[in-house]
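A structural walkthrough
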Amino acid sequence: MITFIFGLLLLIGGGIVYGAVCQRIFQPDDRQTPAIRLNDGVDFVPMSKWKNSLIQLLNIAGTGPILGPIQGILFGPVAFITIPIGCVLGGAFHDYMSGMISLRKDGAQMPALIREFLGKYIYIIYNIFVCLLMLLVGAVFIYTPGDLFVTQIMKMDSGISNPVIWFVYGIIFIYYVIATLLPIDKIIGKIYPVFGGILVLSAIGVFIGLFIKGYPLDEIWKIGVSNVHPQGLHFFPVFFVTVACGIVSGFHSTQSTLIARTMKKEKEGRMTFYNMMIAEGLIAMIWAAAAMGVMKLGLANADTSTTQVVGIVAKDLLGTVGGIIAIIGVIVLPITTGDTAMRSLRLMVAEAFHIDQTKKRKRLLLALIIFALVAALLVFAKISEGGFNILWRYFAWANQTIAVFSFAVITIYMIRKRQPYGMALLPGMFYMYVISSFILNAAVGFHLPWTASYVIGALLTVLYAVSLVFYGKKREEDK
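Let me sum up the structure you'll find in this document. (Residues numbered from 1 in each chain as written. Predicted model: local features only at pLDDT ≥ 70, side-chain atom pairs only at ≥ 80, totals over all residues. Heavy atoms only, no water.)

A separate point is the overall build of the protein chain. For the protein chain, the count of helices and strands is 18 helices and zero strands. In terms of overall dimensions, the protein chain is globule-like: its C-alpha atoms have a radius of gyration of 21 Å, near the 23 Å expected for 479 residues. Reported as C-alpha extents along the three principal axes, the dimensions of the protein chain are approximately 60 × 50 × 40 Å. Pairs at least 24 apart in sequence give 82% of the contacts found in the protein chain among residues at least 6 apart. Of the roughly 18,600 Å² of accessible surface on the protein chain, 68% is carried by carbon and sulfur atoms. Counting 37 positive and 24 negative side-chain charges, the protein chain places the centres of these two groups 6 Å from one another. (Helix = DSSP H or I, 4+ residues; strand = E, 2+ residues; numbered from the N terminus. Rg over C-alpha atoms; globule rule 2.2 N^0.38 Å. Contact = heavy atoms within 4.5 Å. Areas by Shrake-Rupley, 256 points an atom, 1.4 Å probe, with all protein chains shown as cover. Lys, Arg positive; Asp, Glu negative; His and termini not counted. Charge placed at Lys NZ, Arg CZ, Asp CG, Glu CD.)

Pasting the structure below:
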């Protein structure tokens, strides 16, 4: 367990130090926030720090920090080192800066920030891309909690012939519609703290169970990195696409900008944005360790589905009752991410087409169009052979691609503010290399050999960095 414990210390200690550095560089002050200045009773609504923090955690913590690490741990104990480093230097910084820049820009959503900092042509590309990602998030986060509930709680088959699965999907779907339409403090602001308590308690229970049961965990110096994955998958870049939400997730930028509209003070940003991503990193570490433990004990293997692993871990560590509570916590995660994803999509589309969202009729019409598209994706994923796997691969890759756009915005912002922009440029370059080399090689992409994918990916990464710095410096001179 030495590698695992070292990783936890690295995550917590690094988060404390680097979080303070980020806050000092951004310099939050006592200016009036958009929630107070632009209060409209719908999306701009002041809420307390603890409530915003729990909502942010639940917004960003979908199935990613659980299902992703369960798959990622197949690459070995190196995950216990890469998750904390990536979370501290990349993910938490990304979430913090996205939210804080939005605070300074009247609660603007990411597409509006893309337009201001990267120009109208990149804005058009990003807007199409992020809307597709949000639709995928909506479909994936109806599918996964529905299947978890039916298989793990109801002990039933989740196949398309079982009408119960469609009924459960329908209940989640209806909740999404309601949560998307009502003012943010009416449902999200009231029930999320309860869900947050379940999430935190289940994670703590699994963490304590790891030590009480004495789960055997591999050490990095004994296993190494190469040729570890049972299917022979390359650690780079596949690991960083697989484990997105525990390290870096572009989706988080859309949620940070959403919460930027409900914060009372800028100085709450470190707790709300940075620390909540560190908390998600902890969840990812705990579930990665638990998955490795049950595999080492022979209770699961590489062929066991991730949802089955969740059930095995929960019941083995926490017993029948505790296991059910933990599974409910896992089910809650994607639901509380999917609803705010749909809300963010509504806001972004409304912002792009100047649709007044204070009018109930216009909110309803826009929401119905969005949910019709989500329903179509959900049906495709369920009835098509391999449909969900296709959806998940594109979702995972698109998620990291959105992060590259976000890092670009942060880089330009920091250049213009004469701040150390390398903090944003370097993780942006890293993920540019990840997404380009992955899609160039992947079967769902261009299917090129790894050598060609790595070389072309490196060239694209250099082009990304040079273009970004040149554009940022030019904008600074033109001011």
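There's more to say after this.
Attention now goes to helix H4 (residues 64–72). Across the nine residues that make up H4, a large majority, eight, are buried. Regarding H4, the residues found buried are Gly64, Pro65, Ile66, Leu67, Gly68, Pro69, Ile70 and Gly72. At its buried positions, H4 is contacted by helix H5 (79–104), helix H7 (120–153), helix H11 (235–242), helix H13 (269–296) and helix H14 (306–353). (Buried < 20%, exposed > 50% of the residue type's maximum accessible area, 1.4 Å probe, protein only.)

Within the fold, Thr82 resides in helix H5. Contacts of Thr82, omitting those with residues within four sequence positions, involve Phe235, Phe239, Phe240 and Ile247.

The final tally for this structure, using the stated rule, is 10 salt bridges. Note that Arg31 is salt-bridged to Glu266, the shortest N-O span being 3.7 Å. Here Arg31, found in the loop between helix H1 (2–26) and helix H2 (34–37), pairs with Glu266, found in the loop between helix H12 (251–259) and H13; they are 235 residues apart in sequence, far enough to count as distant. A residue is classified by how much of its surface remains accessible, and Arg31, at 41% relative accessible area, is partly exposed. Note that Asp316 and Lys213 form a salt bridge whose closest N and O atoms lie 3.5 Å from each other. With Asp316 in helix H14 and Lys213 in the loop between helix H9 (188–212) and helix H10 (220–223), the pair connects residues that are 103 residues apart, well separated along the chain. Since its relative accessible area comes to 46%, Lys213 is described here as partly exposed. Look at the salt bridges and you will find they share partners, linking Asp29, Arg31, Arg104 and Glu266 into a network. (Salt bridge = Lys/Arg side-chain N within 4 Å of Asp/Glu carboxyl O.)

Right, let's talk about the environment of Ser249 for a bit. Topologically, Ser249 is positioned in the loop between H11 and H12. Taking the C-alpha atoms as reference, Ser249 lies 7.8 Å from Ile402; in sequence the two are 153 residues apart. Discounting residues that sit within four places of it in the chain, Ser249 has contacts with His94, Asp95, Ala244, Asn399, Gln400 and Ala403. Separated by 2.9 Å, the side chains of Ser249 and Asn399 make a polar contact. (Polar contact = N/O pair within 3.5 Å; in protein donor to acceptor, adjacent residues only side chain to side chain.)

Residues Ile66, Phe93, Met97, Tyr176, Phe239 and Trp287 are the most contacted members of the largest nonpolar core, which totals 155 residues. With residues near it in sequence (within four places) discarded, Met97 still touches Phe26, Ile410, Tyr413 and Met414. (Core = buried A, V, L, I, M, F, W, Y, C linked by side-chain atoms within 4.5 Å.)

This part is about the packing of aromatic side chains. Evaluation of the coordinates by the stated rule reveals 27 aromatic pairs. Ring centres of Phe235 and Phe239 lie 5.0 Å apart, and the angle between their planes is 25°; on these two criteria the pair is classed as stacked. Remark: Phe239 and Phe235 occur in helix H11; sequence separation between them is four residues, near one turn of the helix. Note on Phe235: relative accessible area 18%, which makes it buried. Taken together, the ring pairs connect Phe75, Phe235, Phe236, Phe239, Phe240, Phe430, Tyr431, Tyr433, Trp450 and Tyr454 into an aromatic cluster. (Phe/Tyr/Trp six-rings, centres within 6.5 Å; stacked < 30°, edge-to-face > 60°.)

Closest axis-to-axis distance for the helix H6 (residues 110–118)/H7 pair is 7 Å, and the angle between their directions is 160°. Relative to H7, the element H6 is oriented roughly antiparallel. Classified by chirality, the crossing of H7 by H6 is right-handed. Facing H6, whose interface residues are Met110, Pro111, Ile114, Arg115 and Leu118, H7 presents Lys120, Ile122, Tyr123, Tyr126, Asn127 and Val130. In the contact of H6 with H7, the residues fall into eight nonpolar, one polar and two charged. (Axes fitted to C-alpha atoms, helices over the stretch in contact; angles between N-to-C directions. Parallel < 35°, antiparallel > 145°, perpendicular 65-115°, else oblique. Left-handed = near helix turned anticlockwise from the far one by under 90°. Nonpolar A, V, L, I, M, F, W, Y, C, P; charged D, E, K, R; others polar.)

This part is about H14. Here H14 spans only 40 Å end to end across 48 residues, well under the 70 Å set by a 1.5 Å rise per residue. Maximal helix bending in H14 amounts to about 130°, located at Gly319. His354 sits one or two residues past H14 and shows a positive phi near 55°. (Expected span 1.5 Å × (residues − 1). Bend = angle between axes of the 7 residues up to and from the residue.)

Following Phe236, the chain continues into Pro237 via a peptide bond in cis, with omega recorded as 5°. Tracing the sequence through the fold places Pro237 in helix H11. For Asp106, which is not glycine, the phi dihedral falls at a positive 60°. Backbone geometry at Arg418 places phi at a positive 55°, although glycine is not the residue there. Turning to its location among the elements, Arg418 is positioned in the loop between helix H16 (387–416) and helix H17 (422–441).

Before going further, it helps to spend a moment on a nonpolar patch on the surface. Taken together, Ile12, Ile16, Val17 and Val21 make up a surface patch of nonpolar side chains, about 340 Å² in accessible area. You can see Val21 is positioned in helix H1. Residue classification places Val21 among the partly exposed residues on the basis of a relative accessible area of 35%. (Patch = residues over 30% accessible without salt bridge, like charges linked within 9 Å, V, L, I, M, F, W, Y side chains within 5 Å.)

Looking at where Met277 falls in the secondary structure, it is placed in helix H13. For Met277, a relative accessible area of 0% gives the class buried. With 221 residues separating them along the chain, Met277 and Gln56 place their C-alpha atoms 8.8 Å apart.

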